[in-house]
Amino acid sequence: MKAIRILALVAGFNLVVAAAFAQTGGPAVENAWARATPGKSAIGAAYLTIRSMTADRLVAASTPVAKKAELHTMSMSGMVMKMRPIAGIDIPAGKPVTLAPGGTHIMLMGLAKPLEAGQSFPLTLTFEKAGTQTVNVAVEKVGATGPAPAVQH
Ligand SMILES: [Cu+2]
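For the structure given in this document, a descriptive report is provided here. Remember, predicted model here, so these are calculated numbers, not experimental data.

On to the pairing of strand S2 (residues 43–51), then. Looking along a regular strand, one sees side chains alternate from face to face of the sheet. Counting buried residues in S2 gives 7 out of 9 residues, a clear majority hidden from the surface. As judged from the 5 bridges shared by strand S1 (residues 28–35) and S2, these two strands associate in the antiparallel manner. What sits directly across from Glu30, in S2, is Thr49. Direction of pairing for S2 relative to strand S8 (residues 105–111): antiparallel, over a ladder of 4 bridges. When the sheet's bridge partners are listed, Gly44 is paired in S8 with Leu108. Two strands pair when backbone bridges link them, and S2 and strand S7 (residues 97–98) are joined in this way by 2 bridges, in the antiparallel orientation. Paired with Ile50 across the bridge in S7 is Val97.

Next comes the structure, spelled out in C-alpha cells:
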C-alpha cells in the first residue's frame, strides 16, 4: 500500500516539473483566431490568449496576409465603438491575458484578400523579453457576435 502511494507522489511530482519546463520557452499563446471578413473588407482582427510565467509585454505583431498588424483597444464612445492603437499589452506573470471581440485585439490592416472561414494564417508576435513567436491563427466564420457595423477607426 505504502509503495503505491509513493509512486503516485513521484508521478505527480514529474507532472509538475514537466509543466514548469513547458513554460520556460516564453509566453504560451493559445486559441488564436480571427473572424472571416465580409466582402472586400481589407480590415480584420485577430484574437488570442497569452499566458506567461514571467511578466512580459506584447509590443508588436505582423503577418504576411496583411500590410500592417496593430495592437488596438476598443471602447464605447457614446453609441459608437472606437478603436485606438496602443504601444503594447502587458502580460502579468501567471495571469492569462485574452484578446477578444469588443476589447483588445490585433488589427489586421490592408488584407491582401478576405479571410475565409476554415483557413488559417501565421501571425508573428513580438514580446519585449521573450522575442518573437509565430502562431497559427484559425479563421472562424462571421458570427452573430461579430463587430458592429458602426465600428469606426
Ligand atoms: Cu482595431
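Coordination of the copper ion by the protein involves His72 (ND1), Met83 (SD), His105 (NE2) and Met107 (SD), with metal-donor separations of 2.0 to 2.2 Å. Counting along the primary sequence, the residues that act as donors to the copper ion give the motif H-x10-M-x21-H-x1-M. With His72 in strand S4 (residues 66–77) and Met83 in strand S5 (residues 80–85), the pair connects residues that are 11 residues apart, well separated along the chain. Classification of Met83 as buried rests on a relative accessible area of 12%.

This paragraph deals with unusual backbone geometry. As a rule of thumb, non-glycine residues mostly have phi less than zero, and peptide bonds are mostly trans rather than cis. With phi around 50 degrees, Asn31 is a residue other than glycine that occupies positive phi space. Along the polypeptide, Asn31 turns up in strand S1. Here Asn31 falls in the exposed class, since its relative accessible area comes to 60%.

It is worth spelling out the side chain of Glu70 at this point. For Glu70, the location among the structural elements is in strand S4. Reaching out from Glu70, the side chain makes a polar contact with the side chain of His72 at a distance of 2.7 Å. Ignoring sequence-local partners within four residues, the contact set of Glu70 consists of Pro85, His105, Ile106, Met107 and Met109.

Calculation notes
- Residues numbered from 1 in each chain as written.
- Predicted model: local features only at pLDDT ≥ 70, side-chain atom pairs only at ≥ 80, totals over all residues.
- Heavy atoms only, no water.
- Buried < 20%, exposed > 50% of the residue type's maximum accessible area, 1.4 Å probe, protein only.
- Helix = DSSP H or I, 4+ residues; strand = E, 2+ residues; numbered from the N terminus.
- Pairing = 2+ DSSP bridges.
- Donors = N, O, S within 2.8 Å, 3.2 Å for Na, K, Ca; no water.
- Polar contact = N/O pair within 3.5 Å; in protein donor to acceptor, adjacent residues only side chain to side chain.
- Contact = heavy atoms within 4.5 Å.

Purely spatial values, then, with no claim about function.
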